[in-house]
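Coordinates in review
Each chain, letter by letter, is given below.
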Amino acid sequence: MDQRVSDLESLVNDIPTMVNLRHERMESQLSEFSGRLNLIDRQLNMLTRDVRDLRNGVTRQLVGQDERLKAIEDRLGALEQRFEQRLGAIEQRLEATEQRQDVQFSALSTKLDELLRRLPSS
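Residues numbered from 1 in each chain as written. Predicted model: local features only at pLDDT ≥ 70, side-chain atom pairs only at ≥ 80, totals over all residues. Heavy atoms only, no water.

What follows concerns the overall build of the chain. Counting its regular elements, the chain contains one helix and zero strands. Relative to the globule expectation of 14 Å for 122 residues, the C-alpha radius of gyration of the chain, 51 Å, shows a markedly less compact shape. Principal-axis analysis of the C-alpha atoms gives the chain an extent of 165 × 35 × 10 Å. The buried share of the chain, taken over its 122 residues, is 0%. Put simply, the chain shows about 12100 Å² of open surface, and 56% of that area lies on carbon and sulfur atoms. (Helix = DSSP H or I, 4+ residues; strand = E, 2+ residues; numbered from the N terminus. Rg over C-alpha atoms; globule rule 2.2 N^0.38 Å. Buried < 20%, exposed > 50% of the residue type's maximum accessible area, 1.4 Å probe, protein only. Areas by Shrake-Rupley, 256 points an atom, 1.4 Å probe, with all protein chains shown as cover.)

Below you can see the structure in the form of structure tokens.
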């Protein structure tokens, strides 16, 4: 009985030490988790900044691209207008040339008919 009481006393005397050891172990684990969470938080903040920078860069690029496309469309519109004007002028010149050729062909045909009439018949 004496031994049992002694063992219980030892056990009761060791309880504060065991509680302190367990408490220190939990604190060290919590510190480790806290450090890991802080690292994740910093990485998440860096990732958020990177995504924001990327979004801003893409937005700037799209705005620049829209400006360039508008400039290209304006230039193409001007080129199309010039092309239509020149094509119209070419069509007018071609019609005038065709009319002159028709007149010349008629005159040539008339002269050829007259020449053939003057030739003696065989």
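From this point, the discussion proceeds with the structure in view.
Once that is clear, we can look at a nonpolar patch on the surface. The grouping of Leu8, Leu11, Val12, Ile15, Met18 and Val19 at the surface amounts to a nonpolar patch, some 550 Å² of accessible area in total. Relative to the helices and strands, valine 19 resides in helix α1 (residues 2–118). (Patch = residues over 30% accessible without salt bridge, like charges linked within 9 Å, V, L, I, M, F, W, Y side chains within 5 Å. Salt bridge = Lys/Arg side-chain N within 4 Å of Asp/Glu carboxyl O.)

The next thing to look at is the pattern of salt bridges. One pass over the structure, following the stated rule, counts three salt bridges. The partner of arginine 36 in a salt bridge is glutamate 32, with the nearest N and O atoms 3.9 Å apart. Within this pair, arginine 36 and its partner glutamate 32 are both found in helix α1, separated by four residues, close to a single helical turn. Put simply, glutamate 114 and arginine 118 hold a salt bridge, and the shortest N to O gap is 3.0 Å. With a gap of four residues between them, glutamate 114 and arginine 118 both fall in helix α1, about one helical turn apart.

Spanning 117 residues, α1 covers 165 Å between terminal C-alpha atoms, matching the ideal 174 Å at 1.5 Å per step. A maximum bend of about 35° is found in α1 at isoleucine 15, where proline proline 16 lies one to four positions downstream. (Expected span 1.5 Å × (residues − 1). Bend = angle between axes of the 7 residues up to and from the residue.)

A contiguous patch of negative charge on the surface is contributed by Glu91, Glu95, Glu98 and Asp102. With respect to the helices and strands, the residue glutamate 95 is situated in helix α1. (Lys, Arg positive; Asp, Glu negative; His and termini not counted. Charge placed at Lys NZ, Arg CZ, Asp CG, Glu CD.)

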